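# Fold and contact review
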Number of protein chains: 2
Amino acid sequence: MPGHRVCLAKETPLRLDSGVKLHDVHIAYDTWGTLNADKSNAILVCHALTGDHYVVDPHPITGKPGWWSNVVGPGRVIDTDRYFVICSNILGGCMGTTGPQDINPDTQKPWGLEFPVITIGDMVRAQKLLIEHLGIETLFAVAGGSMGGMQVLEWAYQFPESVFAAIPIATAARHSAQNIAFNEVGRQAIMSDPDWCEGDYHSQDKHPHRGLAVARMAAHITYLSETALTRKFGRSLQDRDAVTYGFDADFQVESYLRHQGSTFVDRFDANSYLYITRAMDYFDLGQHHDGQLARAFKDTPVRFLVMSFTSDWLYPTRENREIVHALNAGAANVSFVEIESDKGHDAFLLDEPEFHKVFEGFLEGCAEHRGLQRKPT
Amino acid sequence: MPGHRVCLAKETPLRLDSGVKLHDVHIAYDTWGTLNADKSNAILVCHALTGDHYVVDPHPITGKPGWWSNVVGPGRVIDTDRYFVICSNILGGCMGTTGPQDINPDTQKPWGLEFPVITIGDMVRAQKLLIEHLGIETLFAVAGGSMGGMQVLEWAYQFPESVFAAIPIATAARHSAQNIAFNEVGRQAIMSDPDWCEGDYHSQDKHPHRGLAVARMAAHITYLSETALTRKFGRSLQDRDAVTYGFDADFQVESYLRHQGSTFVDRFDANSYLYITRAMDYFDLGQHHDGQLARAFKDTPVRFLVMSFTSDWLYPTRENREIVHALNAGAANVSFVEIESDKGHDAFLLDEPEFHKVFEGFLEGCAEHRGLQRKPT
C-alpha cells in the first residue's frame, strides 16, 4: 500500500512556535520494513525542501524513482530487511500533510496565506505525533540531508531521549545570510507572479507557475557544484551546431534549467514553497541559548554522525563543522566525515560510495550498541 | 559637460557577428583628462553588465557616485591629470548608446526583440568606431572588470595593434555553465513577467519591473562572497526584535536584496538586461581557434595585467588563470595577481588597497615604457 494518511492533534492541538494552535493535522507518510517486537528498530527519514514521503516508491506525479531509493531498501544503506523506516511529508508540505493548499476548517476555504508560518521545530513536533501514533517511544535513528538534516538536529535537540542516533547530512544548525538570500529570491519570484494572487490562487483557480519555475531554476543552480555543471553541460549547445542569436535555449544548461522549472510546477505548490523556505530561514538552533549552539546539545545522550561534501557550496563543510564543534563542546558522541565529491549539494541524493559506506558503517555500529539483531525475526 | 552622444556608422554600417548590419549607431560616452599631443595617453574603461559611462560623475538617475570614481580621477589609480580616460555606454545598453529601447529607424517603433542579438565583439567594434572618431589610433590601455574585462580581452584579440596594455579584471575568456545558468534565471524572471509583453512593453507603456527586480536580486547574490554577506548582515533582523512569522523582510539581507531589486528597475531597461547577458553567455574567445585560447593570443604585442580576487566565486581565480595560461602559451607579456579579498566579485569596484596598488604600478611601468611624461604638458 503506497502511503498512509492520518489525522492527529484532534483533541490537543499542535502548538506552533508562532503561538498558533493547529488542530486536526493530517500527516501523509509511508513505511518500509517491519517494526520489531520491542519497537527498537525504527528509523525516521526526514525529507528536504522539495522532497516528500516517496522515498522508495516511484513518485505518483513524476513517475520517477523515490528520492532515496538508492539508500533505503532491502540490503541498502538503510536496510528495510532490518529496520522499520518511516518518512512523512512535512507540515506545510503539499503531498498530503496539512499545508497552505488545504482547506482551513474554520473558513472552509483554502488556507493560502492564512496558514500559520511554521518552523523546523513545528515540523518535528508534528512528526513526533506520528511516531507516538505508531506506538514508538524511541527512534533508533533519524536521518536526512539538507533541510532534512535540520529536522534531524531539531529532533536531537527537542527529544534527545527519543532518538538513539542522529545523522544530519549536508546541512547547518542555522541558515546563513546567503541561503536566506537565495530563498528570498525564490519567494520574490513567486510573489511577483500576478497569478499568485496574494497567495489566494487556489480560490481563484490560478497557479503562479512562471514564478515558481523561476524560483526552482535559481535554487537548482545552488544544488550543483560548478564542476558538476561544467562536466554535465559546459558550453555545449542544445540540438544545434551554432548559437541562434536569439533567446531560445541555445545552451544545454539553459534547456536543463528550464526543464527543471517546468516539471517542478506540476508537483509542487507555490505557497508550500514560501512556507517551507521560511521555516529554513528561521532555523537557528542556538537562538534560545544566546547563540551558543554547544549549550543546545550539552550532555546529549544522542550519537551523531555528521556528513558533508567537499563541493557543496550551499551547506559547505564549514557549516557542518560548526555543528560538530558544538557537539564536541557539549561532550556529545559525534563522528564527522567530509566526503570527497565534486557533485555539490545534491551528492546526498546520488550514488556516492564513500558516503554510503560511512553511513552504513555508522548504523551498523549503533545497531550493535543498541543490541539489534542482524535481521528482525 | 557630463557626457556626449555621437552618431556613428552612418555611411558604413556596423556589421554584427550575427550578420545583421546596424547603421546610425549612437554612442553615449564621457571623457576625463586631456588627450596629449601625440594622442598616446588614452585609456578606455569598459563597464560591466549593469554599468554605464558614469564612471566618475554622479549617476543622473540614482545620484550615486560614479561606479569607478575611487579608481578614476586626479591622482587616482587611473590618474586623469595624466591620462585621457574614455568610457562609453555599451552597444545594447540603455544609457544613451543604441539598444533595444531605442527607435528602430526602419519601423519608427521601439526595437524591442527586433533588436539584433549582439556580442562582446560587437560592443568592442562599436567602441573602436568611437575611438577612431576621437582621432585615437592606439589606446594606451583598456581596462575593465567582469564583463568589462571581457571587452578588454576582445580588444586585445581583435585590435592588438591598437592596444598597448590590457587590464582584464575578475573576468573569464569564456562564460561558464554556471554563469550562463545564472543569466538564464535572470532572463526567465524578466520574460515570465506579463508586463514584459514579449519584449514589446515600451510600445504598450508597460514595464516588467517585477521580473527585472527578481533578476537583479538573483544576480546580486553572486556579486558578494558568503563571507561578505555574513559580515554585512548575518542573521540580523531588520528593525525588529523578533521574527514576525510572516513574509515581510524580517532579515536585513532580505531588505537589502529587495532594495537592490527595486532601485535597479529605475535605471535599467529589461530588454537591455536580456541582450547584455546574452552577449556574455556567447563570449568564448577561443571558439574561432578550436577552443585553443592560446592561439587567439599567439605572439600578441599587448602587455597584460590579469587580476582576480580570492573570494570571487562568479569569476573565480581559476577562470582568470586560464587567461594567463593561454597568454603564457602565446608568449605574451603578462602579469597576474590574485588579490586577497573576502568581498567577492564586487571587490573590483571597492577600495581594495592591494588591487589599486598593483593596478597603478602596472600602469606606471607601461607609461615609462611608452615614454609618457609624468604629467601631460
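The rules behind each value
Residues numbered from 1 in each chain as written. Chains lettered and ligands numbered in written order. Predicted model: local features only at pLDDT ≥ 70, side-chain atom pairs only at ≥ 80, totals over all residues. Heavy atoms only, no water. Helix = DSSP H or I, 4+ residues; strand = E, 2+ residues; numbered from the N terminus. Buried < 20%, exposed > 50% of the residue type's maximum accessible area, 1.4 Å probe, protein only. Areas by Shrake-Rupley, 256 points an atom, 1.4 Å probe, with all protein chains shown as cover. Pairing = 2+ DSSP bridges. Axes fitted to C-alpha atoms, helices over the stretch in contact; angles between N-to-C directions. Contact = heavy atoms within 4.5 Å. Phe/Tyr/Trp six-rings, centres within 6.5 Å; stacked < 30°, edge-to-face > 60°.

### So, the overall build of chain A
A count of helical and extended segments in chain A gives ten helices and 14 strands. Projected onto its principal axes, the C-alpha coordinates of chain A cover approximately 65 × 50 × 45 Å. The burial tally for chain A puts 63% of its 377 residues in the buried class. Entry remark: accessible area of chain A is about 14100 Å², with carbon and sulfur atoms responsible for 47%.

### Description of the sheet that holds strand S14 (residues 333-339) of chain A
Backbone hydrogen bonds are what pair the strands of a sheet, in a parallel or an antiparallel way. Residue and element names in this part refer to chain A. Taken in spatial order, the eight strands make up an open sheet running S1-S4-S8-S5-S11-S12-S13-S14, and their pairing is mixed. With one partner strand each, in any of the chains shown, strand S1 (4-8) and S14 form the two edges of the open sheet. This sheet shows a mean twist of 20 degrees between the axes of neighbouring strands, independent of strand direction. Sheet topology places strand S5 (residues 42-46) next to strand S11 (residues 139-145); four bridges connect them, and they run parallel. By the bridge assignment, Ile43 is partnered in S11 with Ala141. Running over the sheet, helix H2 (residues 147-158) touches S5, S11, strand S12 (163-169) and strand S13 (303-309) and is turned about 145 degrees from S11.

### Focus: the packing of aromatic side chains
All names here are of chain A. This model, assessed by the stated rule, comprises 40 aromatic pairs over all chains. Between Phe140 and Phe164, the ring centres sit 6.0 Å apart and the planes meet at 20 degrees, which makes this aromatic pair stacked. Within this pair, whereas Phe140 is found in strand S11, its partner Phe164 is found in strand S12, the two being separated by 24 residues in sequence. The class of Phe140 is buried, set by a relative accessible area of 0%. Here the aromatic rings of Phe264 and Phe268 are separated by 5.0 Å at their centres, their planes lie at 15 degrees, and the arrangement is stacked. Each member of the pair Phe264 and Phe268 is classed as buried. Members of the aromatic cluster, each reached through a chain of ring pairs, are Trp67, Trp68, Phe309, Phe355 and Phe359.

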